[in-house]
Amino acid sequence: MQKNKTALEELAEKESSYGKVFKVSGPLVVADSMVGAKMYELVKVGWDKLVGEIIKLDGDTASIQCYEDTAGLTVGDPVMRTKQPLSVTLAPGILEEIFDGIQRPLNKIAEVSSSVFVPRGVDVPALNMAKPWEFKPAKINVGAMLTGGDIIGEVYENELFDTH
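Along each chain, residues carry numbers from 1 onward, in the same order as the chain's sequence is written. This being a predicted model, a pLDDT of at least 70 is required before a residue's local features are given, and a value of 80 or more before pairs of side-chain atoms are given or counted; all residues contribute to the totals for chains, interfaces and linings. Side-chain measures here rest on the full set of heavy atoms in the structure, leaving out hydrogens and waters.

1. Things to note about the pattern of salt bridges
Pairs can form between side chains of opposite charge once their charged atoms are near each other.
Then, in step 1: Within this document, salt bridges are pairs made up of a side-chain nitrogen of Lys or Arg and a carboxyl oxygen of Asp or Glu, the two lying within 4 Å of each other. Applying the stated criterion to the full structure yields five salt bridges.
Then, in step 2: Between lysine 131 and glutamate 96 there is a salt bridge, and its shortest N-O distance comes to 3.3 Å. Here lysine 131 is found in the loop between α2 (106-113) and β7 (135-137), whereas its partner glutamate 96 is found in the loop between β6 (78-85) and α2, with 35 residues between them in sequence.
Then, in step 3: Type-normalised accessible area, obtained with a 1.4 Å probe on protein chains alone, sets the label of each residue: buried when under 20%, exposed when over 50%, and partly exposed for intermediate values. Overall, the relative accessible area of 41% leaves glutamate 96 in the partly exposed class.
Then, in step 4: Between arginine 104 and aspartate 100 there is a salt bridge; the shortest N-O distance is 2.7 Å.
Then, in step 5: Accessibility expressed as a relative area gives 22% for aspartate 100, which makes it partly exposed.
Then, in step 6: What emerges from the salt-bridge pattern is a single network uniting Glu68, Asp100 and Arg104. Note on conventions: DSSP H or I runs of at least 4 residues are helices, E runs of at least 2 residues are strands, and numbering of each starts at the N terminus.

2. Observations regarding the side chain of threonine 70
Then, in step 1: Summarising the element assignment, threonine 70 is placed in the loop between β5 (61-66) and β6.
Then, in step 2: A relative accessible area of 10% means that threonine 70 is categorised as buried.

3. Comments concerning the side chain of arginine 104
Then, in step 1: Along the chain, arginine 104 falls in the loop between β6 and α2.
Then, in step 2: Think of a polar contact as two N or O atoms within 3.5 Å of one another; within protein, one of them needs to be a possible hydrogen donor and the other a possible acceptor, and neighboring residues in sequence only count if both atoms come from side chains. Within the local environment of arginine 104, its side chain forms a polar contact with the side chain of aspartate 100, the two groups lying 2.7 Å apart.
Then, in step 3: It only takes one pair of heavy atoms within 4.5 Å for two residues to be counted as in contact. Look past the residues within four positions of arginine 104 in its chain and what remains in contact with it is Glu68, Ile98, Phe99, Ile109, Val118 and Val122.

4. Points about the pairing of strand β3 (residues 41-45)
Then, in step 1: Of all the five residues making up β3, five are buried; the element is thus mostly covered by neighbouring parts of the structure.
Then, in step 2: Covered by surrounding structure in β3 are Glu41, Val43 and Val45 together with Leu42 and Lys44, the residues of both alternating faces.
Then, in step 3: Pairing between strands is defined by DSSP: at least two bridges between the two strands are required. Pairing geometry for β3 and β6, over four bridges, is antiparallel. Each residue of the ladder has a partner; that of valine 45, found in β6, is valine 79.
Then, in step 4: Relative to strand β4 (residues 50-58), β3 is paired through four bridges, and the arrangement is antiparallel. Counterpart to valine 43 in the pairing with β4 is glycine 52.
Then, in step 5: If you look at the hairpin formed by β3 and β4, you'll find four residues sitting between the two strands, and glycine 46 has a positive phi there, around 75°.

See below:
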């Protein structure tokens, strides 16, 4: 005997992680079959997984601002939803790198690609999360109420700033 699915389960089943390119006009890519997509969601466009962000939704059609050269994209190419907003990493090490506009570390990309040009769809971590940093905790009492902006400690990163 087959179990009846709830409306929520049916909707989740319909919602896919992939859409497809419907049309391309410069940096604007229109994709369909994007049911469940959200505004400002990060997407990977085409077989090269170009970085893009949903800027308009109309039914199951999404307009995507692509942050890389869209030359070669064709109708039917996949659009992968990440189900995450476009965001940047804020952590120690951010002042040691030079980034492009979507926080890709240019020095690391140059090492990986052996080129001064940024390859299409390159995906390298923005910061080295394995690097240990010395953290000096602030004197906070156990059980103290903390709010946004409270300083909970310090990390020395470079000579430019004494503490962050």
